[in-house]
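Close look at the chain arrangement
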Amino acid sequence: METELAAILETLDRVWTLVRHQAEAMLLPSRLWQITAVLAAVAMAMFLGRSARPRMRDWMKGRDWPLWRVRTLLVVQRRLTLLFFAALMWAAALLARAATPGPAGSVILDLVATLATAWLSVVLAARLVRNPALRPVVRWALWIYVTLLIFGVTDEVAGALDEIGLTLGSVRLTLLTLLKAVLLVTLFFVAARFLSHAGSDRIRRSEDISPSLRVLLVKVLQILLYGIALFAGLKAVGVDLTGLAVLSGAIGVGLGFGLQKVVSNLVSGVIILLDKSIKPGDVISLGETFGWINTLGARYASITTRDGKEYLIPNEDLITGQVVNWSHSNHFVRLDVFFGCAYGDDPHLVRRIAVEAALAVDRVLEDRKPVCHIVGFGNSSVDYILRFWITDPTGGLTNIRGNVYLALWDAFRDNGISIPFPQREVRVLNGGPQDEA
């Protein structure tokens, strides 16, 4: 342990000595004017950036451009100071080369201009990472790397990081190996995300694949690509995956006991996608919940009701519970409407007018003609049932029933047919207990 600590301190001292010598070489009296030029460029870039930023924002407001172009300009607008600084430094370096032949006359200006350009390129490249939490990590890592690369101390810093670590059995884990693993896994994950989005969009646009199979293929593609990215990144830095396989098996057994419900929902989701009993766009009823399926996830299904509520139903409930799928094999749905008419109205006329009123409502099918039947003789009315068909349950069921009831009301009023309501008569007989009281 003491030997390793001494080696680490020796490497850090060597790196510090190299950086100090380079700094002393740059701070020679003959090069102080270059540092003054750098400070002047900083002040001028801040002034230009502060002045140009609001003008560019006002200019962008009047442009009807695609969203990707607007976002790109916003990134540039936020980095105008750095952009002006890089341009000023390159201009100063070119003027210094023309005035003072030889590399020593503009060494600091060239170095700062290269750093500014590299930092600006890193900012633009980091926008490719869409994860907001991961983007600053990638940006700072690239900034540190290009700075060390430009100063020429990458080998010394890598040696120092390689000295810092610990030994686990026959495997030595160093800080350099850890950083390489994080970097490579991140790059592989970014590539996997890009390929996953491209492949998912192509699968979703395919009309030859059923909706449920599309969801299954997208999930399999994502798991496959991210799994390959993880194992490829670890393998690239020399991590032995045989021990990882044994460890993952032990972890899998533990998770199988502790996460039974989660595993059950995952398996149920795969079964739903395979047997195609439920697919995105279907209209279903589960207990008191009625709505259409937006998405089928790995753990739950997202169902949106007519009142805008979104229910997350576990996949296990869709497998074990009684689900009414209004659009499973076809989109034909029959609806029933109950009403009553007075005993004095002709039932033949009532049935004919009810059918005609239903046919006059939009969404009611004409090729499957509505029917009306008497279902009983009530205390105050003759009871009827009106049955009709629709093909768009996603448009709602309550609203179509309401429209049919409204059409019946108008048709009965125009034809003099009454809809009775229960009435009670109370008679007071003479000589009863009330008269004696």
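The following paragraphs examine the structure supplied in this document. Fair warning: this is a prediction, and the values are worked out from it, not measured in the lab. (Residues numbered from 1 in each chain as written. Predicted model: local features only at pLDDT ≥ 70, side-chain atom pairs only at ≥ 80, totals over all residues. Heavy atoms only, no water.)

**A short note on the packing of aromatic side chains**
Note the threshold: Here a Phe, Tyr or Trp ring, Trp counted by its six-membered ring, pairs with any other such ring whose centre lies within 6.5 Å, and the pair is stacked when the planes are under 30 degrees apart, edge-to-face when over 60, and tilted otherwise. Segments assigned H or I by DSSP are reported as helices when at least four residues long, segments assigned E as strands when at least two residues long, and all are numbered from the N terminus. Relative accessible area decides the class of each residue, using a 1.4 Å probe on protein chains only: under 20% of the type maximum gives buried, over 50% gives exposed, and in between gives partly exposed. A ring has a charge above it when a Lys NZ or an Arg CZ is no more than 6 Å from the ring centre and no more than 35 degrees off the ring normal.
By the definition in use, this model includes three aromatic pairs. Centre to centre, the rings of phenylalanine 339 and tyrosine 384 are 5.2 Å apart; their planes meet at 10°, and the pair counts as stacked. In this pair, phenylalanine 339 is assigned in strand β8 (residues 333-341) and tyrosine 384 in strand β10 (residues 382-390), connecting sequence segments 45 residues apart. We note that phenylalanine 339, like tyrosine 384, is buried. Relative to phenylalanine 377, the ring of tyrosine 343 has its centre 6.4 Å away and its plane inclined at 20°; by these criteria the two rings are stacked. With tyrosine 343 in the loop between β8 and α13 (347-359) and phenylalanine 377 in strand β9 (residues 371-377), this pair connects stretches of sequence that are 34 residues apart. Tyrosine 343 gets classed as partly exposed once you look at its relative accessible area, which sits at 46%. Grouping aromatic residues by their ring pairs yields a cluster made of Phe339, Tyr384 and Phe412. For the cation-ring pair, arginine 368 lies above tryptophan 389, with the distance from its terminal atom to the ring centre recorded as 4.7 Å.

**Some points on the pattern of salt bridges**
Just so we agree on the cut-off: In what follows, salt bridge is the name for a side-chain nitrogen of Lys or Arg lying within 4 Å of a carboxyl oxygen of Asp or Glu.
Under the definition given, this model contains seven salt bridges. One salt bridge connects lysine 279 with aspartate 282, and the closest N-O pair in it is separated by 3.3 Å. Given a relative accessible area of 2%, aspartate 282 falls into the buried group. Here arginine 413 makes a salt bridge to aspartate 414, at a shortest N to O gap of 3.8 Å. Using a relative accessible area of 55% as the deciding quantity, one classes arginine 413 as exposed. Several salt bridges converge on common partners, so that one network encompasses Arg334, Asp336 and Arg387.

**Notes on the sheet that holds strand β3 (residues 283-286)**
What counts here: Paired strands, in this sense, are two strands between which DSSP finds at least two bridges.
Read from one edge to the other, the open sheet built from five strands follows the order β6-β5-β4-β3-β7, with strand pairing classed as antiparallel. Looking at strand neighbours, the two that pair on one side only are β6 (310-314) and β7 (324-325), the edges of this open sheet. Note that strand β4 (residues 289-296) and strand β5 (residues 300-305) share five bridges and pair antiparallel. The residue bridging glycine 291 from the neighbouring strand is threonine 305, located in β5.

**A few points about the sheet that holds β8**
Note the cut-off: Between the N-to-C directions of two axes lies an angle of 0 to 180 degrees, each axis being a line fitted to C-alpha atoms and, for a helix, fitted only over the stretch in contact.
Taken in spatial order, the three strands make up an open sheet running β8-β10-β9, and their pairing is antiparallel. Across the chains shown, the open sheet's two edge strands, defined by having one partner strand only, are β8 and β9. Adjacent strand axes in the sheet meet at a mean angle of 25°, parallel and antiparallel pairs treated alike. Note that β8 and β10 share nine bridges and pair antiparallel. Bridging from a neighbouring strand, cysteine 341 pairs with valine 382 of β10.

**Side note on α13**
Worth spelling out the cut-off: To estimate how far a helix should extend, the number of its residues minus one is multiplied by 1.5 Å. The definition of a polar contact used here is a pair of N or O atoms within 3.5 Å, where within protein one atom must be able to donate a hydrogen and the other to accept one, and adjacent residues in sequence count solely through side-chain atom pairs.
An ideal rise of 1.5 Å per residue puts 18 Å on 13 residues; α13 measures up with 19 Å between its terminal C-alpha atoms. Taken as a whole, α13 has its buried residues at Val350, Ile353, Ala354, Val355, Ala357 and Ala358. Two or three places before histidine 348, at the start of α13, stands the capping residue aspartate 346, its side-chain oxygen 3.2 Å from that residue's backbone nitrogen.

**A closer look at the pairing of β5**
With respect to burial, β5 is a largely interior element, five of its six residues being buried. Joining the antiparallel neighbours β4 and β5 is a turn of three residues. Across five bridges, the pairing between β5 and β6 is antiparallel. In the sheet register, isoleucine 303 faces β6, and the bridge partner there is tyrosine 311.

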